[in-house]
Amino acid sequence: MTCSEGNFDIFRQIQSTLKNISAEQYTMPLEVFDGSTIGKHFRHIYDFYFCIEKSLHTGNLDYCARERHPLIETDPEFASKSFQKCLNALKNSNDEKKVTVLADFSSNTSQYRPEVSSSIGRELMYAFDHAVHHLAIIKIGIKTAFPEVQLHRDLGLAPSTIKYQEQVSTFT
């Protein structure tokens, strides 16, 4: 399995969740998120994948230069279409393609930002882990505020966690 193929399941979980949540739920400020919304978390996930998509053409990747498209955080249908378009662009990417990542470790805008050599595959691994993390947060928000919403059983779980849980359950 390639790194781009490895992200298919995350995209399926994203699409399933977006399909099962209303626009009102998607944009409702949640106390458990300190007033943020489910839509803002989805937009944040999308931003990282879109940065990788852009780097396919430029060879440069800067996660700080995210576009933060407001429609993705307010319209779940638009978000779903945007994720699908991004998946289509990434599905035939070459994991070995080299990219230069502009790193950022400081909130000081004049601080030096080192360039780090990477690959599309490595950055897709990062985006995958990042998406799992935010999907776990989204799951908390949905279960807290909208317990009636049906979620993918593995939403927000890393593959290693799922494998571990399956292994433990076979021995108990």
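Calculation rules
- Counting of residues starts from 1 at the beginning of each chain's written sequence and follows it residue by residue.
- In keeping with the predicted nature of the model, local features appear solely for residues at pLDDT of at least 70, side-chain atom pairs appear and are counted solely at 80 or more, and the whole-chain, interface and lining totals rest on all residues.
- Side-chain metrics in this entry use all non-hydrogen atoms of the structure; hydrogen atoms and water are not considered.
- Helix and strand assignments follow DSSP, with helices taken as H or I runs no shorter than four residues and strands as E runs no shorter than two, numbered in order from the N terminus.
- Within these notes, the globule rule equals 2.2 Å times the number of residues to the 0.38 power, and the radius of gyration is based on C-alpha atoms.
- DSSP-based pairing: two strands are paired if at least 2 bridges between them are found.
- For this analysis, a salt bridge means a side-chain nitrogen from Lys or Arg found within 4 Å of a carboxyl oxygen belonging to Asp or Glu.
- Note on classification: 1.4 Å probe, protein chains only; a residue is buried when its accessible area is under 20% of the maximum for its type, exposed when over 50%, partly exposed between these limits.
- What counts as an axis is a line fitted to C-alpha atoms, over the stretch in contact for a helix, and the angles between N-to-C directions run from 0 to 180 degrees.
- Note that the term roughly parallel is reserved for angles under 35 degrees, roughly antiparallel for angles over 145, roughly perpendicular for angles of 65 to 115, and oblique for everything else.
- Under the convention used throughout, the expected extent of a helix is 1.5 Å for every residue step, that is, one less than its residue count.
- To be clear, the arc concerns the directions from the helix axis to the C-beta atoms.

Another aspect to go through is the overall build of the protein. When you go through the protein residue by residue, the secondary structure sums to eight helices and three strands. Mapped in sequence order, the helices and strands of the protein form the string α-α-α-α-β-α-α-β-β-α-α. Expected size for 172 residues packed as a compact globule is a radius of gyration near 16 Å; at 17 Å, the protein falls within 12% of this value. If one aligns the C-alpha atoms of the protein with their principal axes, the spans along those axes are about 45 × 40 × 30 Å.

A few words on the sheet that holds strand S2 (residues 98–102). Strand order in the open sheet formed by three strands is S1-S2-S3, and the pairing between neighbours is mixed. Looking at strand neighbours, the two that pair on one side only are strand S1 (60–61) and strand S3 (115–119), the edges of this open sheet. As paired elements, S2 and S3 share five bridges and run antiparallel to each other. Each residue of the ladder has a partner; that of Thr 100, found in S3, is Ser 117.

This part covers the pattern of salt bridges. A complete count under the given rule lists nine salt bridges for this structure. One salt bridge connects Arg 43 with Asp 47, and the closest N-O pair in it is separated by 2.5 Å. Of this pair, Arg 43 and Asp 47 both sit in helix H4 (residues 38–58), four residues apart, which is roughly one turn of that helix. Look at Asp 47 and you get buried, because its relative accessible area is 3%.

Contact geometry of H4 with helix H7 (residues 120–145) gives a least axis separation of 9 Å together with a crossing angle of 170°. Considered as vectors, H4 and H7 are oriented roughly antiparallel to each other.

To continue, consider the pairing of S2. With burial as the criterion, only one face of S2 is covered, namely that bearing Val 99 and Val 101; the residues Lys 98, Thr 100 and Leu 102 on the opposite face remain uncovered. Relative to S2, S1 runs parallel, the two being bridged by two bridges. Across the sheet, Asn 60 pairs through a bridge with Thr 100, a residue of S2.

Our next topic: helix H6 (residues 76–90). An ideal rise of 1.5 Å per residue puts 21 Å on 15 residues; H6 measures up with 21 Å between its terminal C-alpha atoms. Of the positions making up H6, those classed as buried are Pro 76, Ala 79, Ser 82, Phe 83, Cys 86, Leu 87 and Leu 90. Take H6 and look down its axis: the buried residues cluster within an arc of 135°, on one side only. Relative to its buried face, H6 has exposed residues pointing more than 90 degrees away, namely Glu 77, Lys 81 and Lys 85.

Turning our attention to unusual backbone geometry. The backbone of Asp 34 sits at a positive phi, close to 55°, despite the residue not being glycine. Residue position: Asp 34 is located in the loop between helix H3 (23–27) and H4. For Asp 34, a relative accessible area of 75% corresponds to the exposed category. One non-glycine residue with positive phi stands out, namely Arg 68, at about 50°. Along the chain, Arg 68 turns up in the loop between S1 and helix H5 (70–74).

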